[in-house]
Amino acid sequence: MSTTTTRREVTGPAPARPRRSLRANSTLAFWLFTGPFLIGLLIFVYVPILWSAWLSFFEARFTVTPSEFVGFENYRTMLTDDEFTGSLVTFTVFAVIIVPTTWALSLALALAVNRLRFMRAFFRSVFFLPTAVSYVAASLIWKMSVFNGVRFGLANTVLGWFGADDTAWLASPDPPWYWLVIITVRLWLQAGFYMILFLAALQNIPPELYEAAAIDGAKPGWQTFRHITLPQLRATSTAVVLLLLVAAYQAFDEFFNLLSKTTWGRPPLVELYYKALGDNQDYGAGSAGALILTVLICLVTLLQGRIMGFGRGEGVK
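Cut-off values and rules
Residues numbered from 1 in each chain as written. Predicted model: local features only at pLDDT ≥ 70, side-chain atom pairs only at ≥ 80, totals over all residues. Heavy atoms only, no water. Helix = DSSP H or I, 4+ residues; strand = E, 2+ residues; numbered from the N terminus. Buried < 20%, exposed > 50% of the residue type's maximum accessible area, 1.4 Å probe, protein only. Contact = heavy atoms within 4.5 Å. Areas by Shrake-Rupley, 256 points an atom, 1.4 Å probe, with all protein chains shown as cover. Patch = residues over 30% accessible without salt bridge, like charges linked within 9 Å, V, L, I, M, F, W, Y side chains within 5 Å. Salt bridge = Lys/Arg side-chain N within 4 Å of Asp/Glu carboxyl O. Axes fitted to C-alpha atoms, helices over the stretch in contact; angles between N-to-C directions. Parallel < 35°, antiparallel > 145°, perpendicular 65-115°, else oblique. Left-handed = near helix turned anticlockwise from the far one by under 90°. Nonpolar A, V, L, I, M, F, W, Y, C, P; charged D, E, K, R; others polar.

When helices and strands are counted, the protein shows 14 helices and two strands. Across the 317 residues of the protein, 33% fall into the buried class. For the protein, restricting intrachain contacts to residue pairs at least 6 apart in sequence, the fraction spanning at least 24 positions comes to 67%. If you sum the accessible surface of the protein, you get close to 20,100 Å²; carbon and sulfur atoms cover 67% of it.

Okay, a nonpolar patch on the surface next. Judged by side-chain polarity, I39, L42, I43, F44, V45, Y46, V47 and I49 come together as a nonpolar surface patch covering roughly 780 Å² of accessible area. Position of I49 relative to the elements: it lies in helix α2 (residues 22-55).

Further remarks concern the side chain of S56. Along the chain, S56 turns up in the loop between α2 and β1 (58-59). Setting aside residues up to four positions removed in sequence, S56 forms contacts with G71, N74, Y75, G284, S287, A288 and L291.

Running from amino to carboxyl end, helix α6 (residues 135-146) crosses helix α8 (residues 178-203) at an angle of 135 degrees, the nearest separation of the two axes being 10 Å. For the element pair α6 / α8, the angle class is oblique. The element α6 and its partner α8 pack so that their crossing is right-handed. Taking contact as the criterion, the partners of Y135, A138, S139 and W142 in α6 are, on α8, V181, T184, V185, R186, W188, L189 and Q190. Its residues assigned to classes, the contact of α6 with α8 shows seven nonpolar, three polar and one charged.

So this is what it looks like as structure tokens:
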């Protein structure tokens, strides 16, 4: 009896070996892949933001080390600075023009590409390709080749065919021809990206909606676009408008490279660049201006999202 029991004990299944749980392995893999990115984000993004907020309450000229606590004096200085407040007006004009124009152009391109039955991938790539171009390179091309103030520029050459005189596009704010240069280069650079977003949303619209509308007597074209296509693009349109607003606040490269060191036509980031890195190098006031701009971006974004119903369910009115 004992021999049989011993054999069963010997030949029975071996106990399972202890091993790491799946959750522990997943956690380790997560930190291995995201750890370097999070460390870089902390060092190069969050620490500078916090340090800038701290610096805005101190007198800091020609140094990033605070020397004297001044409270809200830097904020008062920036809010009463005509150049900074003027740059906010410049942004407002820029946003009022570029946001609806880019929205309409990118949606029109998406509708046109979506209707194609052949070479759709080709045209999608052609319109999207400018997004890969550097803003600096595009600005220099626009300044030196397309809108050059002399008769050799492309724009002046075309106008010369109709007998028009050469136009100094970037030489003076009166008339403000520089807006045409800035708006066209921004449209060329970013319309293709938002076209892709609208195109993806268009392809997700159920075709049954159009079939049901045709049965009910709806005419193809403006009627179906207004009552079917546009409502189905509400979420995408809201996201596009919010992205365009934030991008307009962050406009820097084209203004800086097209207008050089002119005192007119500066958006907030260019003004802050000269404030913090100019002759005076007032890092305290520059940090205060940056925080003012950040709060303004947040407020405008929240207000725009509230108006357009961002985050609400489809059935919520």
